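Chain by chain, the residues:
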Amino acid sequence: MSSNGFFVDKAGADHQQPLDFWPATVISKEAIDAEIERLADLPMPANGRRQSWIVHPRSKAPGLGLAPGIRVSLDVLKPGEKTAPFRHNATEVNFCIRGGGHSISGGKRVDFGQYDVWNHPSYVTYWHVNDTSDLQVRLTYSNAALLDKMNVYLAEENAPRDIRAVDGDGDGYDYGEEKGREDPRRASPYGTFQLTDDGAWLMPYETLINPASVPSPVLHWPWELVKENIDKLEALGKDYVGRRLYLLYNPRTERTNGTTPSFFATMTIRPPKIVDRPHRHVSAAINYYFSGSGRSTVEGEVLEWKAGDLMLSAPGWAVHNHASYDDYVYELTVQDQPLNIWMESLLWQEDLKLPASILGSQPGFGTNRKLAGAAE
C-alpha cells in the first residue's frame, strides 16, 4: 500500500493559534477506592496485572493518558500475588498509595511501603510482588502515552528475566561489552571534529550509532526519609514565594532535573492556609494528595480537592495556583519538565508580572529562601 503526502498552504498564516487547554480535572478518592475494589474482585489475570488506566475525557487513542503524553495507571495486587515479568521502552515513576511489597527491576529488589516512590528504567524486565497481608495499590506514571502517539511503544509480556544481570556496584546492572562493539572495521579514522569557528561539528556514522552509554539505575525514595526532610520546610514563613518541596532527583538526568528522563516527581508539604502565587509552565502537572485538603485555581476555574484525590492540576501553559485549607497537605506531583528541557520547549513564568524564560537554555528564577529562613 502506498500513499502520498500533500501540501497545506500556510503562507502568511499566524502560527500562534489559541491553546485548547484540557480542563483541569479531579479523580476523587471515592472513585479511586471504588475502582480498587472492582479490580480486587476480578479473577487474577494471566499476567497478574490488575490495572486500569486513568484517562482524561479529552484524551483520544492512540496515546490515552491523564495529560497529553502522560499515562497514569492504577495497579492492584492482592496478598500473595505477583505479576508476570514485563518490559517496555517507557520509563516509569511508581508510587505506592496502599499496602506494600517489593519489585524486582533489572535484577534489583526494591522493598516499598505506603507513599514510597521508585523508578523503572526503560526496557528492563520487572515484576511486582505483594508479600503483605493487605492490598498493594500503586499509581504508575509513564511516558507510554507519548510513545503510543509516536507509534513506537514496544512492550513485551513474560519478558526474559536476565536482560541485565545483577552486579556489585550498586546500580543493579552489569552491562559488559557487546560482541563486535569494538570491531576496528566499524570505527571511523576521522572521529568527530569541529567544522566551523562558531562551534558546528561533524560526527561520523560509527559514533552516531554508538553513543556513550550512561547507566540508568533503579532508585528508591522511602517516604519515611523524604518526610523527615520536607517537614523541615515548614520553617519557611508565609512570606516565602517558592514552593515547599523536594525533587526526587535521579542524577542520571543531570541538568534536566528529573526522576526519569521524561518526568520529575516532587514531594510537597503545604502548611495550613498557604496560598501560592499564580504561575504557569509548558509542562503538565498531575498531583496526588494524600493528606489535607485545599483548592486550585486553573485558568480562573476553582477546583477543590482532599486527601486521596488525584488531579490534573496544571494543563500545559495554563495559569494556576494552589491553596491549603486548615490541615497540612502532603502531595506527590509529576510533571514532564525534563522532557521539555531536552526539547528546549520548557517555557516557564514564575511571576506573571515578569517575562517567561526557557528553563535549561536561559537563566531561571530565584526565591527569597534565605530571607524567609528555611532549615538547611
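Residues numbered from 1 in each chain as written. Predicted model: local features only at pLDDT ≥ 70, side-chain atom pairs only at ≥ 80, totals over all residues. Heavy atoms only, no water.

Asker: Whenever I open this one, the nonpolar core confuses me. Can you help?
Answerer: Nonpolar side chains in soluble globular proteins generally cluster together in the buried interior. In terms of nonpolar packing, the biggest core is built from 43 residues, with Phe-95, Leu-139, Tyr-141, Met-267 and Leu-310 touching the most fellow members. Broken down by element, the residue count for this core peaks at 4 residues, all from helix α1 (residues 29-41). Counting 8 residues, the second-largest nonpolar core is a separate cluster that includes Ala-24, Tyr-289, Leu-303 and Val-329. (Core = buried A, V, L, I, M, F, W, Y, C linked by side-chain atoms within 4.5 Å. Buried < 20%, exposed > 50% of the residue type's maximum accessible area, 1.4 Å probe, protein only. Helix = DSSP H or I, 4+ residues; strand = E, 2+ residues; numbered from the N terminus.)

Asker: Would you take a moment to explain unusual backbone geometry for this structure?
Answerer: Peptide bonds are trans in most cases, and residues, glycine excluded, mostly fall at negative phi. Each neighbour pair has its own omega, and for Ala-61 with Pro-62 the value is -5 degrees, a cis peptide bond. Position of Pro-62 among the secondary structure elements: in the loop between β2 (50-54) and β3 (71-77). Residue Tyr-123 is not a glycine yet carries a positive backbone phi of 60 degrees. Relative to the elements of secondary structure, Tyr-123 occurs in the loop between β8 (117-120) and β9 (126-129). A residue is classified by how much of its surface remains accessible, and Tyr-123, at 34% relative accessible area, is partly exposed. Positioned with a positive phi, Asn-257 is a non-glycine residue whose angle comes to about 55 degrees. Mapped onto the elements of the fold, Asn-257 is located in the loop between β15 (245-247) and β16 (264-270). Relative accessible area serves as the criterion here: at 34%, Asn-257 is assigned to the partly exposed category.

Asker: Help me out: how do you make sense of the pairing of strand β19 (residues 293-298) in this one?
Answerer: In regular strands, side chains alternate between the two faces of the sheet. In terms of strand pairing, β19 meets strand β20 (residues 301-306) through 6 bridges, oriented antiparallel. Directly across from Ser-293, in β20, lies its bridge partner Lys-306. Between the antiparallel neighbours β19 and β20 lie 2 residues, among them Glu-299 with a positive phi of about 50 degrees. (Pairing = 2+ DSSP bridges.)

Asker: I tried to follow helix α4 (residues 223-230) on my own but got confused; where do I start?
Answerer: An α-helical turn contains 3.6 residues, so a residue and the one three or four places further along point in the same direction. Taken as a whole, α4 has its buried residues at Trp-223, Val-226 and Ile-230. Seen along its axis, α4 keeps its buried residues to an arc of 65 degrees; they face one direction. Next to the buried residues of α4 lie β14 (220-221), β15, β16, β18 (285-291) and β23 (329-335). (Arc of directions from axis to C-beta. Contact = heavy atoms within 4.5 Å.)

Asker: Sorry if this is basic, but what is going on with α1 here?
Answerer: For α1, spanning 13 residues, the distance from its first C-alpha to its last is 18 Å, which sits close to the expected 18 Å at 1.5 Å a residue. Restricting attention to buried positions, one finds in α1 the residues Ile-32, Ile-36, Leu-39 and Ala-40. For α1, the angular spread of buried residues about the axis comes to 100 degrees, placing them on one side. Seen from the buried face of α1, the exposed residues on the opposite side, beyond 90 degrees, are Glu-37 and Asp-41. Contact partners of the buried residues in α1: β1 (25-27), β2, β3, β10 (136-142) and β21 (310-314). (Expected span 1.5 Å × (residues − 1).)

Asker: Please clarify how the sheet that holds β15 should be interpreted in this entry.
Answerer: Note: strands within a sheet are paired through backbone hydrogen bonds, in either parallel or antiparallel orientation. Pairing is antiparallel across the open sheet formed by 6 strands, whose spatial order is β1-β21-β18-β23-β16-β15. Edge strands, defined here as strands with exactly one partner in the open sheet, are β1 and β15. Averaged over all adjacent pairs, the angle separating strand axes in this sheet is 25 degrees, with direction ignored. Contacts from α4 reach β15, β16, β18 and β23, with the element oriented near 55 degrees to β16. (Axes fitted to C-alpha atoms, helices over the stretch in contact; angles between N-to-C directions.)

Asker: I would appreciate a short explanation of the sheet that holds strand β5 (residues 92-98) in the present structure.
Answerer: Taken together, 6 strands build an open sheet; the order of strands is β2-β3-β10-β5-β8-β14 and the sheet is antiparallel. The strands lining the two open edges of the sheet, one partner per strand, are β2 and β14. For β5 and β10, the ladder comprises 6 bridges, and the chain directions are antiparallel. The residue bridging Asn-94 from the neighbouring strand is Thr-140, located in β10.

Asker: For this particular structure, what's the right way to read the environment of Lys-149?
Answerer: Turning to its location among the elements, Lys-149 is positioned in helix α2 (residues 144-150). Distance in space between the C-alpha atoms of Lys-149 and Pro-363 is 32 Å, their sequence separation being 214 residues. Setting aside its immediate chain neighbours within four residues, Lys-149 contacts Lys-60, Pro-62 and Gly-63. Within the structure, Lys-149 has its side chain in polar contact with the backbone oxygen of Pro-62 (distance 2.7 Å). (Polar contact = N/O pair within 3.5 Å; in protein donor to acceptor, adjacent residues only side chain to side chain.)

Asker: What is the right way to read the layout of surface pockets from this model?
Answerer: By volume, the largest pocket amounts to about 890 Å³. Around the largest pocket, the lining is made up of 36 residues, and of these Arg-243, Leu-245, Gln-337, Trp-348 and Glu-350 lie nearest the centre. Elements that contribute at least two residues to the lining of the largest pocket include exactly β15, β16, β18, β22 (320-324), β23 and α5 (337-342). Looking at the lining of the largest pocket element by element, the count peaks at 4 residues for β16. (1 Å grid on protein atoms, 1.4 Å probe; cavity = no way out; pocket = protein on both sides within 12 Å on 5 of 7 lines; lining within 4 Å. Points joined across faces, edges and corners; volume = space filled by probe spheres on them.)

Asker: Help me out: how do you make sense of the pattern of salt bridges in this one?
Answerer: Within the structure shown, the criterion is met by 18 salt bridges. In this structure, Asp-231 engages Lys-227 in a salt bridge whose closest nitrogen and oxygen atoms are separated by 2.7 Å. With a relative accessible area of 29%, Lys-227 lands in the partly exposed category. A salt bridge links Glu-350 to Arg-243; the shortest N-O distance between them is 2.8 Å. In this pair, Glu-350 is assigned in the loop between β24 (347-349) and β25 (357-358) and Arg-243 in the loop between α4 and β15, connecting sequence segments 107 residues apart. Each member of the pair Glu-350 and Arg-243 is classed as buried. (Salt bridge = Lys/Arg side-chain N within 4 Å of Asp/Glu carboxyl O.)

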